Protein chains: 2
Amino acid sequence: MAIKMFVGHYKDVEEKEVTIEGVENTTIRWLISPKIGAKNFAMRYFVIRKGGKIPIHQHDWEHEIFVVKGEGYITNGRKTVKVIPGSFLYIPPNEPHGYENPDSETLEFLCLIPVKEGSIPPEERGD
Amino acid sequence: MAIKMFVGHYKDVEEKEVTIEGVENTTIRWLISPKIGAKNFAMRYFVIRKGGKIPIHQHDWEHEIFVVKGEGYITNGRKTVKVIPGSFLYIPPNEPHGYENPDSETLEFLCLIPVKEGSIPPEERGD
(Lines give C-alpha, C1' and ligand atoms only; values in the text may rest on other atoms or scores of the structure.)
Protein backbone atom coordinates (compact mmCIF):
# COMPACT_ATOMS: atom_id res chain seq x y z
CA MET A 1 0.00 0.00 0.00
CA ALA A 2 1.31 3.42 -0.93
CA ILE A 3 1.90 5.72 2.03
CA LYS A 4 -0.10 8.92 1.61
CA MET A 5 -0.07 12.31 3.29
CA PHE A 6 0.33 12.03 7.05
CA VAL A 7 -1.04 14.80 9.29
CA GLY A 8 -0.66 15.10 13.03
CA HIS A 9 -0.17 17.50 15.92
CA TYR A 10 2.99 17.34 17.97
CA LYS A 11 1.05 17.22 21.23
CA ASP A 12 -0.59 13.97 20.12
CA VAL A 13 2.79 12.27 19.65
CA GLU A 14 4.21 10.28 22.53
CA GLU A 15 6.63 12.38 24.58
CA LYS A 16 9.57 10.28 25.72
CA GLU A 17 12.09 11.23 28.37
CA VAL A 18 15.60 11.17 26.93
CA THR A 19 17.54 8.71 29.08
CA ILE A 20 21.01 9.10 27.57
CA GLU A 21 23.67 9.62 30.24
CA GLY A 22 24.24 13.29 31.05
CA VAL A 23 20.96 14.45 29.51
CA GLU A 24 18.72 16.15 32.05
CA ASN A 25 15.05 17.23 31.95
CA THR A 26 14.69 16.62 28.23
CA THR A 27 12.02 14.91 26.15
CA ILE A 28 11.78 13.88 22.51
CA ARG A 29 8.83 13.29 20.18
CA TRP A 30 9.46 11.58 16.83
CA LEU A 31 7.04 13.44 14.54
CA ILE A 32 8.16 12.20 11.12
CA SER A 33 10.37 9.15 10.63
CA PRO A 34 10.80 6.15 8.32
CA LYS A 35 7.97 4.48 10.28
CA ILE A 36 5.47 6.76 8.50
CA GLY A 37 7.29 6.61 5.17
CA ALA A 38 9.95 9.32 5.40
CA LYS A 39 12.98 7.69 3.82
CA ASN A 40 15.43 10.61 3.65
CA PHE A 41 15.19 12.65 6.85
CA ALA A 42 13.34 12.66 10.18
CA MET A 43 11.70 15.42 12.24
CA ARG A 44 11.89 15.33 16.02
CA TYR A 45 10.47 17.78 18.62
CA PHE A 46 12.58 18.37 21.72
CA VAL A 47 11.59 19.98 25.00
CA ILE A 48 14.30 20.91 27.50
CA ARG A 49 12.70 21.91 30.76
CA LYS A 50 14.12 24.67 32.97
CA GLY A 51 17.49 23.62 34.32
CA GLY A 52 17.80 20.88 31.71
CA LYS A 53 20.61 20.16 29.30
CA ILE A 54 22.02 17.92 26.62
CA PRO A 55 25.79 17.77 27.16
CA ILE A 56 28.22 18.28 24.31
CA HIS A 57 28.39 15.26 22.02
CA GLN A 58 28.95 14.54 18.34
CA HIS A 59 28.05 12.05 15.61
CA ASP A 60 28.50 11.73 11.87
CA TRP A 61 25.10 13.13 10.92
CA GLU A 62 24.03 16.74 10.72
CA HIS A 63 21.25 18.63 12.54
CA GLU A 64 18.85 21.21 11.17
CA ILE A 65 17.22 23.00 14.09
CA PHE A 66 14.45 25.56 14.45
CA VAL A 67 13.55 27.01 17.86
CA VAL A 68 9.78 27.10 18.44
CA LYS A 69 9.53 28.30 22.05
CA GLY A 70 11.64 29.55 24.93
CA GLU A 71 15.26 30.58 25.10
CA GLY A 72 18.50 28.77 25.74
CA TYR A 73 22.08 28.23 24.71
CA ILE A 74 23.69 26.02 22.12
CA THR A 75 27.42 25.47 22.12
CA ASN A 76 29.98 23.66 20.02
CA GLY A 77 32.55 23.92 22.81
CA ARG A 78 34.31 26.89 21.23
CA LYS A 79 31.37 29.22 20.68
CA THR A 80 28.09 29.49 22.63
CA VAL A 81 25.07 31.17 21.08
CA LYS A 82 21.81 32.27 22.65
CA VAL A 83 18.76 31.06 20.77
CA ILE A 84 15.23 32.46 20.82
CA PRO A 85 12.03 31.54 18.97
CA GLY A 86 12.77 31.75 15.26
CA SER A 87 16.47 30.94 15.62
CA PHE A 88 17.71 28.22 13.32
CA LEU A 89 20.94 26.26 13.22
CA TYR A 90 22.79 24.02 10.85
CA ILE A 91 25.18 21.74 12.73
CA PRO A 92 27.38 19.80 10.30
CA PRO A 93 28.29 16.13 10.76
CA ASN A 94 30.97 15.52 13.42
CA GLU A 95 30.56 19.02 14.87
CA PRO A 96 30.31 18.94 18.70
CA HIS A 97 27.07 20.42 20.05
CA GLY A 98 25.34 20.80 23.40
CA TYR A 99 22.18 22.52 24.64
CA GLU A 100 21.18 24.19 27.88
CA ASN A 101 18.07 25.85 29.25
CA PRO A 102 18.88 27.73 32.43
CA ASP A 103 16.10 30.32 32.36
CA SER A 104 12.95 29.48 30.36
CA GLU A 105 10.07 27.34 31.52
CA THR A 106 10.76 25.22 28.43
CA LEU A 107 13.10 25.43 25.45
CA GLU A 108 11.35 23.73 22.53
CA PHE A 109 12.86 23.07 19.13
CA LEU A 110 12.59 20.96 16.04
CA CYS A 111 15.69 18.95 15.17
CA LEU A 112 15.88 17.18 11.83
CA ILE A 113 18.40 14.51 10.94
CA PRO A 114 19.15 12.42 7.88
CA VAL A 115 18.12 8.78 7.84
CA LYS A 116 21.39 6.89 7.99
CA GLU A 117 23.19 4.11 9.84
CA GLY A 118 22.85 4.77 13.57
CA SER A 119 20.67 7.87 13.42
CA ILE A 120 17.21 6.26 13.77
CA PRO A 121 16.18 4.06 16.71
CA PRO A 122 14.68 0.63 15.85
CA GLU A 123 11.11 1.62 16.78
CA GLU A 124 11.14 4.48 14.25
CA ARG A 125 12.68 2.53 11.38
CA GLY A 126 9.52 0.91 10.12
CA ASP A 127 11.40 -2.04 8.66
CA MET B 1 37.61 25.39 4.59
CA ALA B 2 35.30 23.19 6.60
CA ILE B 3 31.82 24.56 7.08
CA LYS B 4 31.05 24.90 10.76
CA MET B 5 27.89 25.48 12.78
CA PHE B 6 25.64 28.08 11.17
CA VAL B 7 23.27 30.10 13.36
CA GLY B 8 20.68 32.61 12.23
CA HIS B 9 17.22 33.99 12.85
CA TYR B 10 14.51 33.54 10.26
CA LYS B 11 13.65 37.26 10.31
CA ASP B 12 17.18 38.08 9.16
CA VAL B 13 16.86 35.91 6.06
CA GLU B 14 15.70 37.55 2.84
CA GLU B 15 11.94 37.14 2.37
CA LYS B 16 11.13 36.54 -1.30
CA GLU B 17 7.71 36.73 -2.86
CA VAL B 18 6.82 33.44 -4.54
CA THR B 19 6.16 34.29 -8.18
CA ILE B 20 5.05 30.89 -9.47
CA GLU B 21 1.82 31.11 -11.46
CA GLY B 22 -1.26 30.65 -9.30
CA VAL B 23 0.55 31.34 -6.03
CA GLU B 24 -0.89 34.35 -4.20
CA ASN B 25 0.31 36.38 -1.21
CA THR B 26 3.06 33.95 -0.32
CA THR B 27 6.71 34.40 0.62
CA ILE B 28 9.64 32.04 1.11
CA ARG B 29 12.84 32.28 3.10
CA TRP B 30 15.58 29.70 2.48
CA LEU B 31 16.97 29.17 5.99
CA ILE B 32 19.20 26.13 5.46
CA SER B 33 20.32 24.96 2.02
CA PRO B 34 23.37 23.52 0.23
CA LYS B 35 24.70 27.11 0.05
CA ILE B 36 25.55 26.92 3.77
CA GLY B 37 26.69 23.31 3.59
CA ALA B 38 23.50 21.26 4.00
CA LYS B 39 23.95 18.48 1.48
CA ASN B 40 20.97 16.23 2.28
CA PHE B 41 17.91 18.39 2.97
CA ALA B 42 16.87 22.04 3.04
CA MET B 43 14.74 24.11 5.45
CA ARG B 44 12.47 26.84 4.10
CA TYR B 45 10.10 29.20 5.98
CA PHE B 46 6.84 30.08 4.23
CA VAL B 47 4.38 32.85 5.02
CA ILE B 48 0.96 32.82 3.35
CA ARG B 49 -0.78 36.10 4.03
CA LYS B 50 -4.55 36.31 4.59
CA GLY B 51 -6.39 35.36 1.40
CA GLY B 52 -3.27 33.76 -0.04
CA LYS B 53 -2.79 30.31 -1.47
CA ILE B 54 -0.50 27.84 -3.16
CA PRO B 55 -2.61 25.88 -5.65
CA ILE B 56 -2.47 22.09 -5.82
CA HIS B 57 0.71 20.86 -7.48
CA GLN B 58 3.05 17.89 -7.24
CA HIS B 59 6.69 16.89 -7.75
CA ASP B 60 8.86 13.88 -7.10
CA TRP B 61 10.24 15.06 -3.76
CA GLU B 62 8.60 14.87 -0.36
CA HIS B 63 7.73 17.63 2.13
CA GLU B 64 8.10 17.66 5.89
CA ILE B 65 6.06 20.54 7.30
CA PHE B 66 5.61 22.08 10.76
CA VAL B 67 3.14 24.91 11.32
CA VAL B 68 4.63 27.71 13.42
CA LYS B 69 1.89 30.36 13.37
CA GLY B 70 -1.67 30.94 12.16
CA GLU B 71 -4.24 28.56 10.77
CA GLY B 72 -5.09 27.33 7.29
CA TYR B 73 -5.95 24.39 5.11
CA ILE B 74 -3.82 21.85 3.30
CA THR B 75 -5.35 19.58 0.70
CA ASN B 76 -4.24 16.73 -1.53
CA GLY B 77 -7.33 17.14 -3.67
CA ARG B 78 -9.19 14.28 -1.99
CA LYS B 79 -8.84 15.29 1.64
CA THR B 80 -8.52 18.77 3.16
CA VAL B 81 -7.14 19.22 6.66
CA LYS B 82 -7.15 22.24 8.92
CA VAL B 83 -3.74 23.01 10.38
CA ILE B 84 -2.90 25.00 13.49
CA PRO B 85 0.38 25.84 15.25
CA GLY B 86 2.06 22.55 16.12
CA SER B 87 0.50 20.62 13.22
CA PHE B 88 2.97 18.63 11.17
CA LEU B 89 2.65 16.89 7.82
CA TYR B 90 4.54 14.37 5.80
CA ILE B 91 3.68 14.70 2.11
CA PRO B 92 5.24 11.85 0.10
CA PRO B 93 6.84 12.32 -3.34
CA ASN B 94 4.32 12.75 -6.16
CA GLU B 95 1.43 13.41 -3.77
CA PRO B 96 -0.62 16.46 -4.85
CA HIS B 97 -0.73 19.25 -2.24
CA GLY B 98 -2.09 22.77 -1.97
CA TYR B 99 -2.33 25.37 0.78
CA GLU B 100 -4.78 28.11 1.62
CA ASN B 101 -5.10 30.79 4.29
CA PRO B 102 -8.58 32.30 4.25
CA ASP B 103 -8.76 33.52 7.86
CA SER B 104 -5.48 34.17 9.67
CA GLU B 105 -3.35 37.28 9.43
CA THR B 106 -0.53 34.93 8.37
CA LEU B 107 -0.10 31.17 8.07
CA GLU B 108 3.58 30.43 8.72
CA PHE B 109 5.24 27.05 8.38
CA LEU B 110 8.54 25.31 7.90
CA CYS B 111 8.76 23.09 4.84
CA LEU B 112 11.76 20.80 4.42
CA ILE B 113 12.71 19.05 1.22
CA PRO B 114 15.46 16.68 0.14
CA VAL B 115 18.31 18.01 -1.97
CA LYS B 116 17.79 16.42 -5.36
CA GLU B 117 17.56 17.20 -9.06
CA GLY B 118 15.13 20.09 -9.50
CA SER B 119 14.34 20.75 -5.85
CA ILE B 120 16.89 23.50 -5.12
CA PRO B 121 17.08 26.80 -7.06
CA PRO B 122 20.52 27.75 -8.47
CA GLU B 123 21.11 30.54 -5.94
CA GLU B 124 20.78 28.06 -3.03
CA ARG B 125 22.94 25.32 -4.51
CA GLY B 126 26.28 26.69 -3.47
CA ASP B 127 28.09 25.00 -6.33
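Preceding this section is the structure that the text describes.
Rules used in this analysis
Residues numbered from 1 in each chain as written. Chains lettered and ligands numbered in written order. Predicted model: local features only at pLDDT ≥ 70, side-chain atom pairs only at ≥ 80, totals over all residues. Least-squares fit on C-alpha atoms with pLDDT ≥ 70 in both. Contact = placed C-beta atoms within 7 Å. Helix = DSSP H or I, 4+ residues; strand = E, 2+ residues; numbered from the N terminus. Buried ≥ 20, exposed ≤ 12 C-beta atoms within 10 Å, placed from the backbone. Pairing = 2+ DSSP bridges.

Novice: Just to check I follow, could you spell out the relation of the copies chain B and chain A for this structure?
Specialist: Two copies of one chain are present, and they are related through a rotation about an axis combined with an axial shift. Mapping chain B onto chain A calls for a rotation angle of 180 degrees and an axial translation of 0.0 Å; the resulting RMSD is 0.0 Å. Considering both components of the superposition, the chain copies are consistent with a two-fold axis. Looking at the interface residues of chain B, 100% of them are also at the interface in chain A, so both copies use one shared face.

Novice: Could you clarify how one ought to interpret unusual backbone geometry in this entry?
Specialist: As a rule of thumb, non-glycine residues mostly have phi less than zero, and peptide bonds are mostly trans rather than cis. Residue and element names in this part refer to chain A. If you check the backbone angles, asparagine 25 has positive phi at about 55 degrees while not being a glycine. By secondary structure assignment, the location of asparagine 25 is in strand β3 (residues 24–32). C-beta crowding within 10 Å serves as the criterion here: with 17 such atoms nearby, asparagine 25 is assigned to the partly exposed category.

Novice: When you look at the environment of glutamate 14 of chain A in this model, what are you seeing that I'm missing?
Specialist: Tracing the backbone through its elements, the reader meets glutamate 14 of chain A in the loop between β1 (6–9) and β2 (16–17). The spacing of glutamate 14 of chain A and threonine 27 of chain A is 13 residues in sequence and 9.8 Å in space, taken between C-alpha atoms.

Novice: Help me understand the pairing of strand β8 (residues 87–91) of chain A in this model?
Specialist: Side-chain positions along a regular strand alternate between the two faces of the sheet. Residue and element names in this part refer to chain A. With five of its five residues buried, β8 lies for the most part within the structure. Covered by surrounding structure in β8 are Ser87, Leu89 and Ile91 together with Phe88 and Tyr90, the residues of both alternating faces. Sheet analysis places strand β5 (residues 63–69) next to β8, joined by four bridges and oriented antiparallel. Each residue of the ladder has a partner; that of glutamate 64, found in β8, is tyrosine 90.

Novice: Whenever I open this one, the interface of chain B and chain A confuses me. Can you help?
Specialist: Interface size is often expressed as the accessible area that is lost when the parts come together. In this assembly, 34 residues from chain B lie in contact with 34 residues from chain A. When contributions to the side of chain B that touches chain A are tallied by element, the ones reaching two or more residues are β1 (6–9), β3 (24–32), β4 (41–57), β5 (63–69), β8 (87–91) and β10 (106–114) of chain B. No other element matches β8 of chain B, which puts five residues into the side of chain B that touches chain A. Relative to β1 of chain B, β8 of chain A is paired through four bridges, and the arrangement is antiparallel. Across the sheet, the residue bridging to serine 87 of chain A is histidine 9 of chain B, located in β1 of chain B.

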